[in-house]
Amino acid sequence: MRNFEIPASLRKFANANTNGWKVGGVASSFHRDLDGEAITPDAIAAAIPGFIAARGADGIIGGPMRLHHDFWTGFLRDAIASLRLPIADQMELISAISLPIGRVTKIWVDGAGKTHWEGFLSPANPVARVIWGLLREGAIHLGVSLGGKIYETRSGGRDRLNRPCTLITKIRIDELSVTDNPALRLTEGEDTGAYIQA
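Residues numbered from 1 in each chain as written. Predicted model: local features only at pLDDT ≥ 70, side-chain atom pairs only at ≥ 80, totals over all residues. Heavy atoms only, no water.

## What to know about helix H3 (residues 87-98)
Step number 1: Spanning 12 residues, H3 covers 16 Å between terminal C-alpha atoms, matching the ideal 16 Å at 1.5 Å per step.
Step number 2: Within H3 the residues assigned to the buried category are Gln90, Ile94, Ala96, Ile97 and Ser98. (Helix = DSSP H or I, 4+ residues; strand = E, 2+ residues; numbered from the N terminus. Expected span 1.5 Å × (residues − 1). Buried < 20%, exposed > 50% of the residue type's maximum accessible area, 1.4 Å probe, protein only.)

And the structure:
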């Protein structure tokens, strides 16, 4: 068992609502990734119920949306501590980078094998506010990436474009992350059709 990430593109929705800034799009389209792997649509479909299931005492439906799979969390915690801010200010900044920036409320795989999703960015999280501002500005490209655990693979497979790859056939989805560096777009030089929009 090992961790995985699947990159995709990110766009904004035009309007905010009282539950946050509504976002959605395509999270996966069965393309080979930087490591020469592709998650099968059936593997994603089987993992969706666990990801979207109710969480906590309040029964909140949906999976967490994070920033870069929490890649920078440790580094940023150290950087925040070095600023010598009052502890309350440090805790607010650490919470902003450690806690989810939003929630995925719906996710499904269509007949073409694309994984669609809907959710929202939370205005309560300062990082989500920055992401929303970047999306509204449209000056940079942002993407999304599924993250979780890989349980089974099969070598000698083919992706949606009939390219050789290792097929990932059983997974657990833990989160959807916002990223500014989607590996598929960079390694394959193509638009995978994955995005975030309102």
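## Topic: the pattern of salt bridges
Step number 1: Using the criterion set out here, one finds two salt bridges in the structure.
Step number 2: Note that Asp159 is salt-bridged to Arg163, the shortest N-O span being 2.5 Å.
Step number 3: Residue classification places Asp159 among the buried positions, given a relative accessible area of 5%.
Step number 4: Close ionic contact of Arg172 with Asp174 constitutes a salt bridge, the shortest N to O distance being 2.6 Å.
Step number 5: Given the relative accessible area of 34%, Arg172 is considered partly exposed. (Salt bridge = Lys/Arg side-chain N within 4 Å of Asp/Glu carboxyl O.)

## Regarding the nonpolar core
Here is a general trend for soluble globular proteins: nonpolar side chains tend to be buried in one another's company.
Step number 1: Formed by 34 residues in total, the largest nonpolar core has its most connected members in Trp117 and Leu121.
Step number 2: When contributions to this core are tallied by element, the ones reaching two or more residues are strand E3 (20-28), helix H1 (41-52), H3, strand E6 (102-109), strand E7 (115-121), helix H4 (126-137), strand E8 (142-158) and strand E9 (164-179).
Step number 3: If you tally residues by element for this core, the top one is H1, at six residues. (Core = buried A, V, L, I, M, F, W, Y, C linked by side-chain atoms within 4.5 Å.)

## Some remarks on the packing of aromatic side chains
Step number 1: Tallied over the entire structure, the rule returns one aromatic pair.
Step number 2: Ring geometry for Trp21 and Trp132: centres 5.4 Å apart, planes at 5 degrees, overall stacked. On the criterion of sequence distance, the pair formed by Trp21 in strand E3 and Trp132 in helix H4 is long-range, its members being 111 residues apart.
Step number 3: The class for Trp21 is buried, based on a relative accessible area of 13%.
Step number 4: Lying across the ring of Trp108, Lys106 places its NZ or CZ 4.9 Å from the centre. (Phe/Tyr/Trp six-rings, centres within 6.5 Å; stacked < 30°, edge-to-face > 60°. Lys NZ or Arg CZ within 6 Å of the ring centre and 35° of its normal.)

## As for the side chain of Asn125
Step number 1: Its location among the elements puts Asn125 in the loop between E7 and H4.
Step number 2: In contact with Asn125, not counting residues within four places along its chain, are Ser95, Ala96, Leu99, Pro100 and Ile101. (Contact = heavy atoms within 4.5 Å.)

## Re unusual backbone geometry
Step number 1: Not every positive phi belongs to a glycine, and Phe30 is a case in point at roughly 55 degrees.
Step number 2: You can call Phe30 buried: its relative accessible area is 16%.

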